[in-house]
Amino acid sequence: MKKEKNTIWVFFASVKLALFTLIILAIASIIGTVIQQDQSPEFYVRQFGPTTAKLFQVLDISHMYDSWWFILLLVLLSLNLIVCTLDRFPALWSMVTRDNLATTPGRLEKMGQKKTFFVESSVNEIAGAVASVMENSGWKPEKADKKEGGILFFSQKGPWTRLGLIAVHTSILVIFTGAIIGKILGYKGGLMLPETATSDHIYQRGTNKKLPLGFVIRCDRFQISYYDNGSPKEYRTNITIIEDGKEVEKTSIVVNDPLDYRGFTFYQSNFQPVDGQFITHIRNENTNSEQTFRMRAGKEIAWESEGITLGIINIMGPMKGGKYRYKIWFSDNKAEPVDFWMDGGATVKIERQDTSYFFTAKQLYSTGLQIAKDPGVWWVYSGCFMLLAGLYIVFFLSHRRIWVYIVDADNRIKILVCGSANKNKINFEKDFSTLIEQFEQSNNLHLT
Amino acid sequence: MNSSQLLTYCTFTYLLASILYIVVFLFRVHKVGIIATICTVLGFLMQTVGIGLRWVESYEMGFGHAPLTNMYESLVFFSWSIILFYLGLELKFKNRLIGAFATPFAVASMALAALGMPDEIKPLVPALQSNWLIIHVVTCFIGYAALAVACGLGVMYLLKFYIGKPASQPDNQASLIGSLPALKIIDDITYKSIVFGFLWLSAGIITGAIWANSAWGTYWSWDPKETWSLISWFVYAVALHARFVRGWGGRRIAWLAIIGFLAVIFTYFGVNYLLAGLHSYA
Ligand code: HEM
């Protein structure tokens, strides 16, 4: 029932094409690591001269991995995979599902592993014993009577492992699908958010388009902590999520531990001191009422409910270790105003007639968040899992088959034990000799 | 005793072992073989304790992390994995001649660590503070180790193929090359090592992608190190399929084992020193 296959089909089903595509992909990928990506057109003119730069433009070398010809190579690989898989599937599937009892004694004689015994008995008498030896050795038998005058038993393990290869090859397609979904439906964005500020949108990377979040995010604090040796230990942004004017979640984001909220993922990416701006906090010791202010150097600020006015009137630094000192002016409009110097980040106690205030001032930072929305990522992860599971099956498991054929042979009974495995033949050899030993040691068979 | 001392002793033990393996190969003194194996096992034990000690030392310094976080530590782990994989092969295939082609990689890795890399234990910068770091590094280096050994086997194959073939001297057990296993057997072991390495290399790339996604929100960004790991992956994929195309067996797979490993080495070092990227290992 051989179907005439057309040449295009044959071309796309061939492993030679796979070798070709993989080699070209490897070489192309090298180019993209040697020639710097995502630079301006002038950069390439400067580095490589105008003629080469022109060629680069035609070939989209500056965004090589997104270029038409690189995508074309990936399409070629995908087609190759699809056609090759479809082409081989029927044969493969028939190996998984075929009736192995339909074989002939002639073919059994040609198996990779084979052992023959003779006993004085009758076919029907020992059939039960043979079946129980197989069963006890972990090879649950199926039986076919009257096979050219004898009885045939068959048992197999792992016929499904043949599908491992399909898992490996389709996994690549699943990963590509995920990548495409991500490209179409996903996006990346960024947001620089100063402490105390809020935002209900982010900016799309590349286009800088404003994208609404559907909720409000506020940066409460950005903190850096250091190890004793001075290297950074942690970048942390404290975040509040606000919906319909209500604070619904308070949390923090650190590198390697992003925040997932309503399909958006927020990553700690970078930070920036905001020039000339400070964040201050003041608390009344008696009443415990407190307030946070965002301040500018030289600009007065009022805490009206307490009748307080204050400002940062001078800055000194950076000193050794990158520290700053601030000069603060403070008035409660009751007694003489005071001014004093304090370290950036420190807390000072300002004593007044009827109460004291605890006051902190530090540099204002903007936290740099990266935002990603990628609905394709679960496809990619599933594909990856499929790839690994498939590779494991392909490389370490195999389809093993055992036949036992009992037949009359010149007044004696011939027992032919044979089998084969599609892979890992050495392991199968061991399996097979274990089974043979079981036959030899069986008390019900008395083999010679 | 501290971890650096122990690792230094280990380096010399490995050096001795690999010299012995080479002696076994060159002068066909098979009795020395067992001593080579003993040295290797001894070195391996020292190294295991050394790595453990380094882990403990990092806790004593107050920050504590698995010793897999910089070039020095990864080289030590690389050589540890090579030896582990090699000892497995020696046990499975009962052949010490592979040692002459495999253990030198472990020695080279240790020597490079000792001579070329700062061995200070440092606290982890925020970007590296993730459980994925350990999973990623371990999966990658198990793969790299198997692929290093596959490269050694490829060299062995080609040596036998090009030098051992003259018709005047058919596989003579007494000759240098004749004592090597038959081409078919070397090919088989090479292939199996590639298969094993490929599985772990894939796992290494995947764990890297998952980590990147949890740190930056992108599982793949064509950063040079990522790209080079993919390039080596392509090379080994070619090697896996070569068997199925007529005329692509044996010799070409041996070459691919070598080329693939060069790509791995470039992923590991070349990218850090020659290309710019995101990986902060250098
Ligand atoms: C990057 C993509 C690919 C990967 C990761 C991959 C992986 C594999 C693996 C692991 C094997 C098993 C090798 C063995 O049994 O030793 C294999 C076999 C095979 N692959 Fe691929 N492959 C890929 C692409 C392709 C393509 C594009 C084709 C198209 C023709 C193809 C055709 C085959 C064939 C025909 C076999 C042999 C199956 C057999 O055992 O009879 N592969 N592949």
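Quick look at the structure, then. This is a predicted model, so every value here is computed, not measured.

Analysis parameters
- Residues numbered from 1 in each chain as written.
- Chains lettered and ligands numbered in written order.
- Predicted model: local features only at pLDDT ≥ 70, side-chain atom pairs only at ≥ 80, totals over all residues.
- Heavy atoms only, no water.
- Helix = DSSP H or I, 4+ residues; strand = E, 2+ residues; numbered from the N terminus.
- Buried < 20%, exposed > 50% of the residue type's maximum accessible area, 1.4 Å probe, protein only.
- Contact = heavy atoms within 4.5 Å.
- Donors = N, O, S within 2.8 Å, 3.2 Å for Na, K, Ca; no water.
- Tetrahedral: all angles 85-135°; square planar, octahedral: opposite > 155°, others 65-115°.
- Expected span 1.5 Å × (residues − 1).
- Arc of directions from axis to C-beta.
- Phe/Tyr/Trp six-rings, centres within 6.5 Å; stacked < 30°, edge-to-face > 60°.
- Lys NZ or Arg CZ within 6 Å of the ring centre and 35° of its normal.
- Pairing = 2+ DSSP bridges.
- Buried area = accessible area lost by both parts, 1.4 Å probe.
- Salt bridge = Lys/Arg side-chain N within 4 Å of Asp/Glu carboxyl O.
- Polar contact = N/O pair within 3.5 Å; in protein donor to acceptor, adjacent residues only side chain to side chain.
- Nonpolar A, V, L, I, M, F, W, Y, C, P; charged D, E, K, R; others polar.
- Near = heavy atom within 4 Å.

Within chain B one finds eight helices and zero strands. The linear arrangement of helices and strands in chain B, starting from the amino end, is α-α-α-α-α-α-α-α. With the C-alpha coordinates of chain B rotated into their principal frame, the extents come out at 65 × 45 × 30 Å. Classification of the 282 residues of chain B by burial places 60% in the buried group. By sequence separation, contacts in chain B at least 24 residues apart represent 77% of the contacts at least 6 residues apart.

Right, let's talk about the coordination of the iron atom of the ligand for a bit. Geometry sets the ideal angles at a metal, namely 109.5 degrees for four tetrahedral donors and 90 or 180 degrees for six octahedral donors. His169 of chain A (NE2) and His241 of chain B (NE2) make up the full set of protein donors to the iron atom of the ligand, lying at 1.8 to 2.0 Å. Around the iron atom of the ligand sit six donor atoms; with metal-centred angles ranging over 87 to 178°, the donor geometry is octahedral. Of this pair, His169 of chain A sits in helix 8 (residues 164–185) while His241 of chain B sits in helix 7 (residues 224–242), each in a different chain. Residue His241 of chain B is classed as partly exposed on the basis of its relative accessible area, which comes to 23%.

With that settled, the discussion passes to helix 10 (residues 425–441) of chain A. For an α-helix, the turn length of 3.6 residues means that residues three or four places apart are oriented alike. Residues and elements named next belong to chain A. For helix 10, built from 17 residues, the straight-helix expectation of 24 Å at 1.5 Å per residue is met to within 8% by its first-to-last C-alpha distance of 24 Å. Among the residues making up helix 10, those that are buried are Phe428, Phe432, Leu435, Ile436 and Phe439. Down the axis of helix 10, the sector holding all buried residues measures 100°, keeping them to one side. Among the exposed residues of helix 10, those oriented more than 90 degrees off its buried face are Lys430 and Gln441. Against strand 1 (113–119), helix 7 (123–136), strand 18 (400–409) and strand 19 (412–421) lie the buried residues of helix 10.

Where two aromatic rings form a pair, the distance of their centres and the angle of their planes describe that pair. Summed over all chains, the structure comprises 47 aromatic pairs over all chains. On the basis of an interplanar angle of 20° and a centroid distance of 6.5 Å, the ring pair of Tyr44 of chain A and Phe48 of chain A is categorised as stacked. Placement of both Tyr44 of chain A and Phe48 of chain A in helix 3 (residues 41–48) is noted, with a separation of four residues, approximately one turn of the helix. Taken together, the ring pairs in this structure connect Phe44, Phe77, Phe78, Trp80, Phe141, Tyr144, Tyr268 and Phe269 of chain B into an aromatic cluster. Sitting above the plane of the Trp139 of chain A ring, Lys157 of chain A keeps its charged end 4.0 Å from the centroid. We note Arg412 of chain A situated over the ring of Phe118 of chain A; from NZ or CZ to the ring centre the distance is 4.3 Å.

The next subject is unusual backbone geometry. If you check the backbone angles, Arg262 of chain A has positive phi at about 50° while not being a glycine. Among the secondary structure elements, Arg262 of chain A is positioned in the loop between strand 9 (259–261) and strand 10 (264–284). The residue Arg28 of chain B is not glycine, and still its phi comes out positive at about 50°. Here Arg28 of chain B lies in the loop between helix 1 (3–27) and helix 2 (32–60).

Working note: regular strand, side chains alternate between the two faces of the sheet. All names here are of chain A. Here strand 7 (residues 232–243) pairs with strand 8 (residues 246–254) via eight bridges, running antiparallel. Opposite Arg236, over in strand 8, you have Val254 as the bridge partner. What sits between the antiparallel neighbours strand 7 and strand 8 is a turn of two residues, in which Asp244 has the positive phi angle 50°.

Attention now moves to the interface of chain A and chain B. Between chain A and chain B, the contact holds 44 residues from the first and 42 residues from the second. Both faces considered, chain A and chain B share a buried interface measuring about 3,600 Å² in area, 74% of it formed by carbon and sulfur atoms. In terms of surface lost to chain B, no three residues of chain A exceed Leu19, Thr33 and Asn256 of chain A, which account for 17% of the buried area on that side. The interface formed by chain A and chain B contains zero salt bridges. Along the contact surface separating chain A from chain B lie four residue pairs in polar contact (both at pLDDT 80 or more). For the side of chain A that touches chain B, the secondary structure elements donating two or more residues are helix 2 (15–34), helix 8, strand 7, strand 17 (356–373) and helix 9 (377–396) of chain A. Ranked by the residues each element gives to the side of chain A that touches chain B, the list is headed by helix 2 of chain A, at 11 residues. Looking at the side of chain A that touches chain B residue by residue, the class counts come to 30 nonpolar, eight polar and six charged.

Near the ligand lie 22 residues; those nearest to it are Arg88 and His169 of chain A together with Tyr191, His241 and Arg243 of chain B. The site occupied by the ligand is bordered by residues of chains A and B. Arg88 of chain A is positioned such that a nitrogen or oxygen atom in its side chain is 2.7 Å from an oxygen atom of the ligand. In this structure, an oxygen atom belonging to the ligand sits 2.9 Å away from a side-chain N or O atom of Arg243 of chain B. Examining the composition of the shell around the ligand, we find that five residues originate from one element, helix 5 (residues 68–97) of chain A, more than from any other. Here the residues of the shell around the ligand are counted per class, giving 16 nonpolar, four polar and two charged.

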